[in-house]
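Results of the structural survey
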Amino acid sequence: MKRTYLGEFEEIVLLTVAVMEGGAYGVVITHEIVAQTGRSVRLNQIHAALQRLEDKGMVKSEMGEPTAERGGRRKRLFTVTAYGRRTLQEIHEVRVSFWNRLLNPLKLTTSL
Amino acid sequence: MHTTPPKLADKLLTLFCAPHRLEEVQGDLHEEFDYQVRQLGERRARWRYWWDVLGFIKPFAIKRQSSDTYSTAYLMNASMLRNYFRTAWRSLVKNRFYSLINMTGLTAGLAVGILILLWVQDEFSFDRFHRQSANIYRLENWAGTGSSRQIWTSTVAPIAVMGKKELPEIKDAVRIAYNGMYTLFKYKGKAINEENTLFADPTLFSVFDFPLIQGNPANPFPDNHSIVLTETTAKRYFGNENPIGKILAGTDRNAFKVSGVIRDFPKNSSIRRDMVLPISLLFDTMYQNRTDGRNRDNDFATFNFDTYLLLQPGASISNLTDKLRTIHLRNKPDDTDLTYLLQPLPDMHLYKADGSEGGIETVRMFSIIALLILVIACINYVNLSTARSMLRSKEVSMRKIVGAAKSQLFMQFVVETTLLFSLAAVLALGLMYVLLPAYNQLSGKELVLDFADERLWKIIGLTIVGTLVASSIYPALLLSSFEPLKALKGKVSARLSEAVFRKVLVVAQFAVSVILIASTFIISNQLQYIRAKELGYDKTHVLGFFMRDDMSKHYDAVKADLLNQPGVTAVTRASSNIVQLGAQTGDNEWAGKEKGETMFVRPVAIDKDFIPFFRMKVMQGANFTGTVSDSTHFILNETAVKAARINNPIGKSFRLWKRKGTIVGVVKDFHFASMRQKIEPAIFYYDPSQMWALYIKTTGQDAKQVVAAAERSYKQYNPDYPFEYSFLDDVFNNLYKSEQQTGLLFNVFASIAILISCLGLFGLATYTAQVRTREIGVRKVLGASVTGIIQLLATDFMKLVVIAILIATPIAWYAMSRWLQDFAYRIDVQWWVFGLAGLLALAIALLTVSFQSIKAALMNPVKSLRSE
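Residues numbered from 1 in each chain as written. Chains lettered and ligands numbered in written order. Predicted model: local features only at pLDDT ≥ 70, side-chain atom pairs only at ≥ 80, totals over all residues.

- Going by what an unreviewed UniProt entry lists, chain A is known as Helix-turn-helix transcriptional regulator and is assigned to Spirosoma validum.

1. A word on the overall build of chain A
- Broken down by element type, chain A carries 5 helices and 2 strands.
- Traced from its N-terminal end to its C-terminal end, chain A shows the element sequence α-α-α-β-β-α-α.
- Counting only residues that meet the buried cut, chain A has 29% of its 112 residues in that class.
- If you take every contact in chain A between residues at least 6 apart in sequence, the share linking residues at least 24 apart comes to 49%. (Helix = DSSP H or I, 4+ residues; strand = E, 2+ residues; numbered from the N terminus. Buried ≥ 20, exposed ≤ 12 C-beta atoms within 10 Å, placed from the backbone. Contact = placed C-beta atoms within 7 Å.)

2. Quick look at the UniProt feature "domain: Transcription regulator PadR N-terminal" (unreviewed entry) in chain A
- UniProt tags residues 20-90 of chain A as "domain: Transcription regulator PadR N-terminal" (unreviewed entry).
- Taken end to end, residues 20-90 of chain A is 51% helix and 21% strand, and its first and last C-alpha atoms sit 20 Å apart. (UniProt positions renumbered as here; feature names shortened; annotations may be inferred.)

3. Overview of the sheet that holds strand β15 (residues 568-574) of chain B
All names here are of chain B.
- Strand order in this open sheet of 4 strands is β15-β23-β14-β24, and the pairing throughout is antiparallel. Lying at the two open borders of the sheet, with one neighbouring strand each, are β15 and β24 (725-727). Recorded for the sheet is a direction-independent mean angle of 20 degrees between the axes of neighbouring strands.
- Pairing of β15 with strand β23 (residues 693-698) involves 6 bridges; the strand directions are antiparallel. Its bridge partner being in β23, A570 is matched across the sheet by K697.
- Its contacts with the sheet put helix α24 (residues 728-735) on β14 (542-546) and β24, and the angle it makes with β24 is roughly 75 degrees. (Pairing = 2+ DSSP bridges. Axes fitted to C-alpha atoms, helices over the stretch in contact; angles between N-to-C directions.)

4. Regarding helix α23 (residues 703-717) of chain B
All names here are of chain B.
- Under the 1.5 Å per step criterion, the end-to-end length of α23 is 22 Å for 15 residues, consistent within 8% with the ideal 21 Å.
- Those residues of α23 that sit buried are V706, A710, S713 and Y714. The arc that holds every buried residue of α23, seen down its axis, measures 100 degrees, which confines them to one face.
- Elements in contact with the buried residues of α23: β14, α19 (549-553), α20 (555-563), β15, β23 and β24. (Expected span 1.5 Å × (residues − 1). Arc of directions from axis to C-beta.)

5. Some words on unusual backbone geometry
- Residue A:E21 is not a glycine yet carries a positive backbone phi of 50 degrees.
- Mapping A:E21 onto the fold places it in the loop between α1 (8-20) and α2 (26-37).
- Backbone geometry at B:D127 places phi at a positive 60 degrees, although glycine is not the residue there.
- Inspection of the secondary structure assignment puts B:D127 in the loop between α6 (96-124) and β1 (136-143).

6. Topic: the interface of chain A and chain B
- Facing the 16 residues of chain A at the interface are 17 residues of chain B.
- Of all elements in the fold, only α2, α3 (43-56) and β2 (74-80) of chain A reach the threshold of two or more residues within the side of chain A that touches chain B.
- Each residue belonging to the side of chain A that touches chain B can be placed in one class, and the counts come to 4 nonpolar, 5 polar and 7 charged. (Nonpolar A, V, L, I, M, F, W, Y, C, P; charged D, E, K, R; others polar.)

7. Regarding the environment of B:F124
- Turning to its location among the elements, B:F124 is positioned in helix α6.
- Along the backbone, B:F124 and B:T585 are 461 residues apart, and their C-alpha atoms lie at a distance of 34 Å.

8. With respect to the domain arrangement of chain B
All names here are of chain B.
- Considered domain by domain, chain B is made up of domain 1 (7-62), domain 2 (78-126 + 357-492), domain 3 (133-347), domain 4 (499-532 + 737-868) and domain 5 (542-735).
- For domain 2 and domain 4, the distance between their C-alpha centroids amounts to 22 Å.
- Contacts between the two partners involve 26 residues from domain 2 and, on the opposite side, 23 residues from domain 4.
- Going through the elements one at a time, α6, α12 (360-387) and α14 (406-443) are the ones with two or more residues in the side of domain 2 that touches domain 4.
- Among the elements that line the side of domain 2 that touches domain 4, the one with the most residues is α12, at 14 residues.
- Classifying every residue of the side of domain 2 that touches domain 4 by side-chain character gives 15 nonpolar, 9 polar and 2 charged. (Domains from an automatic or database assignment.)

9. Quick notes on the pairing of strand β4 (residues 184-187) of chain B
All names here are of chain B.
- Bridge count for β4 against strand β5 (residues 190-193) is 4 bridges, and the pairing is antiparallel. If you follow F185 over to β5, its bridge partner there is I192.
- Between the end of β4 and the start of β5, which pair antiparallel, lie 2 residues, with K188 showing a positive phi angle near 45 degrees.

10. Considering the packing of α1(A) against α2(A)
All names here are of chain A.
- Axis separation between α1 and α2 bottoms out at 10 Å; the angle between their running directions is 110 degrees. Of the possible angle classes, the one that applies to α1 and α2 is roughly perpendicular. Within the contact between the two elements, α1 uses I12, V13, T16, V17 and M20 and α2 uses V28, I29, E32, I33 and T37.
- For the contact of α1 with α2, the residue count by class is 7 nonpolar, 2 polar and 1 charged. (Parallel < 35°, antiparallel > 145°, perpendicular 65-115°, else oblique.)

11. Focus on the packing of helix α18 (residues 500-532) of chain B against helix α25 (residues 737-771) of chain B
Residues and elements named next belong to chain B.
- Between α18 and α25, the shortest axis-to-axis distance is 9 Å and the interhelical angle comes to 155 degrees. Judged on the interaxial angle alone, α25 and α18 are roughly antiparallel. In this structure, α18 meets α25 at a crossing whose hand is left-handed. Of α25, the residues touching α18 (which contributes Q509, F510, V512, S513, L516, I517, S519, T520, I523, S524 and L527) are E739, Q740, G743, F746, N747, A750, A753, I754, S757 and G760.
- Among the residues making up the contact of α18 with α25, the classes are represented as 10 nonpolar, 10 polar and 1 charged. (Left-handed = near helix turned anticlockwise from the far one by under 90°.)

Following this line, the structure appears as structure tokens:
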């Protein structure tokens, strides 16, 4: 498999961006991840991850509209690129194929 | 209500965050803050904001956007600079051996150069710390006629007062006199003999920057028995008690009340004492019970006072001295030989009284050496980097072909030099720090590396920048000027092998070394000469000390007692220390003295056994006999007879002060001062009441016992006073202490300079051997002998060294003749010295070069031929 390696955190950020469909930027991504996973995430971590994803070509960004609570500053809005989408897809497929080969998933969970 | 996030945190963010990211990051942070204010309240949100901002101090947020433009005309472009540093570092690490040689040379050169310059700066700082130093002058006078004409740095007392009163140019005056009168001070069981004190006008504390830290500046001496102490002196007596108002007991029911404390006199002050007594006390003591009518306002005959004048800015010096002379002559018309002169205070330390060069010569000599050492270190760098430039011609050519501009390549090599220099500078600072204690001991200074002192940084900065500029420009120009096509075809080597410039530098380097070696020889020869020169008296194993009143009165008993001690062979006495006679007088007369003529003689009262004691030679006439008639007899030295132009002196009449008598003898000239000075007229007279100095000749074996016996005898009469004695040999050595120090320092610096030169030569030789590996291999295969190859490699360098010797000899000869001018008694500069120096330089160079040559010659040709 020839795809760029994605860290677990990057994957979650990428998924979040994908879910938000064009409305994703630093603060809302942070809040969303906090809400969905319950882990404490800091803004700088999100920014760093977004930048890495952009460097890898998984997301692209453009500047959005300024708002009052931002002190009149614009936000950088992220969208997932085709490459990013395909990568997510591949990750998902790999996972699913493993899950499918697991004969007794219930047993696994109870034994955990 | 809209709350804003902490301003300081925002400012911090704009400071470090990359500009192209700032907007989104700050926007997000503000939005988050807004959200958190609603969630947590303002106070915690502010904390959280700080926390979030700090989180962005990460490379991803700080890193600036790389510029997309490929060609930039701007030389200092950040990414280009980064590249320069990277390549510079790589090349330094790649050529470890040469970097090490360069670094060692530069570090040693910089450290020693800067240390010398610090010394020089300290010398120049003398007496300049006074705010008014530019307007303070020392008043001196020319006195005497003919060969006796000389400068006295001390003047009569009234001239200061009258000058200040009558002449508007003189703002203020300070008179200072040495205090030998009140030396013993006691406080609560502590008794200290203070040898280093002075009498002064109260203006001492206002004209000079010696401010009182305790006491009343308007009236530092409330009465004659007031005393001002330095901090250290005050601590010596009173510890941590407040010294003001304390009583110091002196002798003879004298007592002094401490009326002020000043900071210790700075180390770079020509005036440095421990205590200051009011000069009016000296006047009172001097002029009480005088029958000749002299007092402090009319005594124009006692030249005992150092006078400092504070002048109005821009006052005419020559006018002023004329006016002072007029005042003097009005009060004492027969002083026609006297003229006044003024020496600026800052010149006092480095120039002699008449304004001619004194210490400045040494300062200049050392400045030149510092410069030479730095130049030699720079030459090393320039030579090695240009010699090895051939190896980099390909790199340069590639860069040019890819599109590097000449200016960029120039920058690249300048940065490379800068990097090496910075490393060397840091190491040099460390080295200086380590060397400083030894250096201080050697130079007799108390220098400190005070990194808070801007003057230190000025010197360090100027030195480093100066050497950097000197050694970076030429190699950088040369390297950046290669023509790529020629260089890639290998044609550059032909041009470089000419390298006249490099040869010139090597010659210069070795010329300096030869000069330094020759100078070292001559200086040490001269120092040896003055120490071994026949003094005209025998001072070996002689111990001397000054008696006080009581002991002097019982001299005969003391002498008999001492002669009984084991180890004592003879005892005698005189009025002063024979190694360094002090006082001088022009108050004399003889048959044949012309009107207006003044001859200054050094009068010494001696006992009848003084001349045999010191094994002096009586040339004519006889010694004193110990009878009453001696008090009207004089013995002159040869110089005095010559200066007074007396033929057949025996039996001629002579007057010294009020003492009239006849000349009974002539003694052979003897040296009673440093060899820098000519022997001056001296006269012996006989007056037991003035013979304070006691001399004991010992066998040399029982010196300790003799000292103990002398001390016992001394304490018997003066239990209060500490016994202070010295061996004449030590006193004599002290005369040449500064010369010895200079000589030693010169040796050390010269060795370092030579060492650094050799280091450079070593590097060059290594390089040459390396480049010629293949040639040597081929020669060996064809049958060349090892000696033949060594010759081949060494001859080139030897030629340069020989040229250097030829150039250096006349320069060294000139410089050393000038240095010797300073000594009245000196060696001739002999030619063998230069021969020896040249030979030594040649040997050193040969040794340095041959190490590499032999290595190259012994190499197995199979290996060397296969290597390329």
